Amino acid sequence: MLDIIKKELIRNVLLCLVAVLIITMILIAHPMTAFLVFLCVMLTLIDVLGFMHFWGLAIDNVTVINANLAVGLSVDYAAHIGHHFMVSTGTRRERVRKSLSEMGAPVFNGAFSTFLAVSLLGVSQSYVFIAMFKQFFLTVIFGVMHGLIFLPIALLYLGPQSNYDNDGSSSSSAIEMSSD
């Protein structure tokens, strides 16, 4: 039975990650930024799955479902920063600063509201609710760390040109680059 659950975990998480990569490629429209967002999601999931061991959570039906949900939650923390970076104008440093100043608070507020929504589950006596609290807590912490700390630093050094010129119109070179 455990072998089946582990196979399901691997298969479902990989399918979720492939979907995240494809959708971010389409919506962010630049391979490097989409890959960095994908990397944040993948690192968040690795952190959550790794930390489960130290928090006494085994791989079972409950944690597998929550791991799949963690992929969806962690996209939110990185995708907004990556998208805002691509539609901002200026140098990489200016665009990172602008992305964090304009999207950092909403992303943090979303993470904090998710934490508040599941915080009461932590005092439950039910294994299902405790496991959900622990995994969502880890997803919020690691997702925010990767989305608001790791991603901006990666974009500062590896980020591509903006999708827009200084006048706000679409840049043909950025559109051509995104289709490569």
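All values derive from a computational prediction rather than experimental measurement.

### Let's talk about the environment of Ala154
And step 1. Tracing the chain through its elements places Ala154 in helix H5 (residues 127-158).
And step 2. Under the relative-accessibility criterion, Ala154 is labelled buried at 8%.
And step 3. A sequence separation of 61 residues divides Ala154 from Arg93, and the C-alpha atoms of the two residues are 11 Å apart.
And step 4. Each residue touching Ala154, except ones within four places of it in the same chain, is listed here: Leu36 and Gly159.

### Some words on unusual backbone geometry
And step 1. In this model, Ala29 sits at a positive phi of 65°, which is unusual for a non-glycine residue.
And step 2. The residue Ala29 is located in the loop between helix H1 (2-28) and helix H2 (31-54) in this model.
And step 3. With a relative accessible area of 24%, Ala29 lands in the partly exposed category.

### Here we look at the packing of aromatic side chains
And step 1. This structure, assessed with the given rule, holds nine aromatic pairs.
And step 2. Judged by centre distance (6.0 Å) and plane angle (85°), the ring pair of Phe51 and Trp55 falls under edge-to-face.
And step 3. Aromatic ring contacts, followed pair by pair, group Phe51, Phe54, Trp55, Phe108, Phe112, Phe115, Phe133, Phe137 and Phe142 into a single cluster.
And step 4. Directly above the ring of Phe85 sits Arg95, whose terminal nitrogen or CZ lies 3.9 Å from the centroid.

Cut-off values and rules
- For every chain, the first residue of the written sequence is number 1, and numbering continues from 1 along that sequence.
- In view of the model being predicted, local features appear only for residues whose pLDDT reaches at least 70, and side-chain atom pairs are presented and counted only at 80 or more, with totals across whole chains, interfaces and linings using the full set of residues.
- The side-chain quantities take in all heavy atoms of the structure and omit both hydrogens and water.
- Here a helix means four or more residues in a row that DSSP labels H or I, a strand means two or more in a row labelled E, and each is numbered from the N terminus.
- We call a residue buried when its accessible area falls under 20% of the maximum for its residue type, exposed when it is over 50%, and partly exposed in between, using a 1.4 Å probe and counting protein chains only.
- Note on definitions: a residue-residue contact is assigned when non-hydrogen atoms from the two residues lie within 4.5 Å.
- Pairing of aromatic rings covers Phe, Tyr and Trp, the last through its six-membered ring, and needs centres within 6.5 Å; plane angles under 30 degrees mean stacked, over 60 mean edge-to-face, and all others mean tilted.
- Remark: a charge is flagged as sitting over a ring if the NZ atom of Lys or the CZ atom of Arg is within 6 Å of the ring centre and within 35 degrees of the ring normal.

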